[in-house]
Amino acid sequence: MPSKTVHNWRPFTVRDRKQIEARLNAPDGSRCPRCKEILEIRPITRHAAGHDLECRDCRRYFTRIIQTTPEAMYLFRIQKLATAIVRV
Ligand SMILES: [Zn+2]
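Rules of the game
Residues numbered from 1 in each chain as written. Predicted model: local features only at pLDDT ≥ 70, side-chain atom pairs only at ≥ 80, totals over all residues. Helix = DSSP H or I, 4+ residues; strand = E, 2+ residues; numbered from the N terminus. Buried ≥ 20, exposed ≤ 12 C-beta atoms within 10 Å, placed from the backbone. Contact = placed C-beta atoms within 7 Å. pLDDT = per-residue confidence, 0-100. Core = buried A, V, L, I, M, F, W, Y, C linked by C-beta atoms within 7 Å. Pairing = 2+ DSSP bridges.

Once that is clear, we can look at the overall build of the chain. The number of helices and strands found in the chain is 2 helices and 4 strands. When its helices and strands are written in sequence order, the chain yields β-α-β-β-β-α. The 88 residues of the chain split such that 16% are buried. By sequence separation, contacts in the chain at least 24 residues apart represent 31% of the contacts at least 6 residues apart.

This is the structure in structure tokens:
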């Protein structure tokens, strides 16, 4: 087992979150403002009615509260699909 220091997950800063939010509607999805990787969506969240966007490289997460509008659900599905494609 590697004895490398385990980095704890930390939330994105307010400034990072604003950048993420601003790009959520972009066709290429949301990307990490730090390393430009596509953020992964985790349906398991620190909040009951939302999901987490996270960057594995930076080990940062951003908990978003989902509004249950059709637009929000549509966006959520697109992002999930994009994440799945990237993973392949
Ligand atoms: Zn990153």
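Having put the structure on the table, let's press on.
So, on to the confidence of the model for the chain. Residues at a pLDDT of 70 or more form 75% of the chain, whose mean pLDDT is 79. Here helix α2 (residues 70-87) is the element of the chain with the lowest mean pLDDT, 74, and strand β1 (residues 10-11) is the one with the highest, 93.

In this structure, Glu 37 sits in the loop between α1 (14-23) and β2 (40-42). Separated by 17 residues in sequence, Glu 37 and Glu 54 have C-alpha atoms that sit 9.8 Å apart. Beyond its immediate stretch of four places on either side in the chain, Glu 37 contacts Arg 31, Cys 32, Cys 55 and Asp 57.

A few words on the nonpolar core. Among the nonpolar cores identified, the biggest contains 8 residues, and these are Phe 12, Ile 20, Cys 32, Leu 39, Leu 53, Cys 55, Tyr 61 and Phe 62. Secondary-structure elements contributing two or more residues to this core are β3 (50-55) and β4 (60-65). Setting aside chain neighbours within four positions, we find Leu 53 in contact with Ile 20, Ser 30, Leu 39, Ile 41, Tyr 61, Phe 62 and Arg 64.

Across a sheet, paired strands are connected by hydrogen bonds in the backbone, their directions being either parallel or antiparallel. Across the sheet, 4 strands lie side by side as β1-β4-β3-β2; this open sheet has mixed pairing. Two strands in the sheet have a free side with no partner beyond their single neighbour: β1 and β2. Summarising the sheet, β3 and β4 pair through 6 bridges and their orientation is antiparallel. Among the inter-strand pairings, Cys 55 is bridged to a residue of β4, identified as Arg 60.

This brings us to the pairing of β3. By the bridge criterion, 3 bridges tie β2 to β3 in an arrangement that is antiparallel. The residue of β3 that forms the bridge with Arg 42 is Asp 52. In sequence, β3 turns back onto β4 through a hairpin of 4 residues, with Arg 59 there showing a positive phi of about 55 degrees.

What follows is about the pairing of β4. One ladder, built from 2 bridges, connects β1 with β4; its direction is parallel. Following the sheet pairing, Arg 10 is matched in β4 by Arg 60.

The next point concerns the environment of Arg 64. In this structure, Arg 64 sits in strand β4. Since 21 C-beta atoms lie within 10 Å of it, Arg 64 is described here as buried. Counting along the chain gives 12 residues from Arg 64 to Asp 52, while the straight-line C-alpha distance between them is 6.0 Å. Leave out the neighbours within four places in its chain, and Arg 64 touches Gly 50, His 51 and Leu 53.

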